[in-house]
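Spelled out, the chains give:
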Amino acid sequence: MNAVDEPFMRRAIALAKAGEVAEGAAPIGAVLVVDGLVIGEGHNRVGQLCDPTAHAEVMAMRAAGQQTRQARLPAPRSIPRCSPAGCAP
């Protein structure tokens, strides 16, 4: 992780922790960043929504689609999803 990515990684971890506390969900957070701007973020909501597709990465993509008002999203920087236990590639 470099200094540019650190605030986004911290945000992903905060989302993971918040989701775990609020919903008892697996602590996973995801942030989509394009040109240094967050265009979408989310945390695991599978249990709360009773939706097997409501993983953090999918929730972040859905939020990005709503924010950008586009079905085709721009290519984000590749930043791993994070949980309080660590990050996945």
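Refer to the structure printed above.
Since we're looking at a predicted model, the values are computed, not measured.

A. Here's a closer look at unusual backbone geometry. Backbone geometry places C50, a non-glycine residue, at a positive phi of 50°. A positive phi angle is found at R69, which is not glycine, with a value near 55°. Along the chain, R69 turns up in the loop between helix 3 (56-68) and strand 3 (82-83).

B. Highlighting the nonpolar core. Counting 8 residues, the largest nonpolar core is built from I28, A30, L32, V34, I39, A56, A60 and A64. When residues of this core are traced back to their parent elements, those giving at least two are strand 1 (29-34) and helix 3. Other than its neighbours up to four places away in sequence, A56 contacts I28, G29, A30, G42, H43 and N44.

C. Structural view of the pairing of strand 1. Burial analysis of strand 1 places 6 of its 6 residues in the buried class, the great majority of the element. With burial as the criterion, each face of strand 1 is covered, one bearing G29, V31 and V33 and the other bearing A30, L32 and V34. Hairpin connection between strand 1 and strand 2 (residues 37-43): a loop of 2 residues separates the two successive antiparallel strands, and D35 in this loop has a positive phi of roughly 50°.

D. Representation of the environment of L15 within the structure. By the secondary structure assignment, L15 is in helix 1 (residues 6-23). Judged by its relative accessible area of 8%, L15 is buried. Distance from L15 to I28, taken between C-alpha atoms, is 7.4 Å for residues 13 residues apart in sequence. Beyond its immediate sequence surroundings of up to four residues, L15 is in contact with G29, A30, V31, E41, G42 and H43.

What counts as what
Residues numbered from 1 in each chain as written. Predicted model: local features only at pLDDT ≥ 70, side-chain atom pairs only at ≥ 80, totals over all residues. Heavy atoms only, no water. Helix = DSSP H or I, 4+ residues; strand = E, 2+ residues; numbered from the N terminus. Core = buried A, V, L, I, M, F, W, Y, C linked by side-chain atoms within 4.5 Å. Buried < 20%, exposed > 50% of the residue type's maximum accessible area, 1.4 Å probe, protein only. Contact = heavy atoms within 4.5 Å. Pairing = 2+ DSSP bridges.

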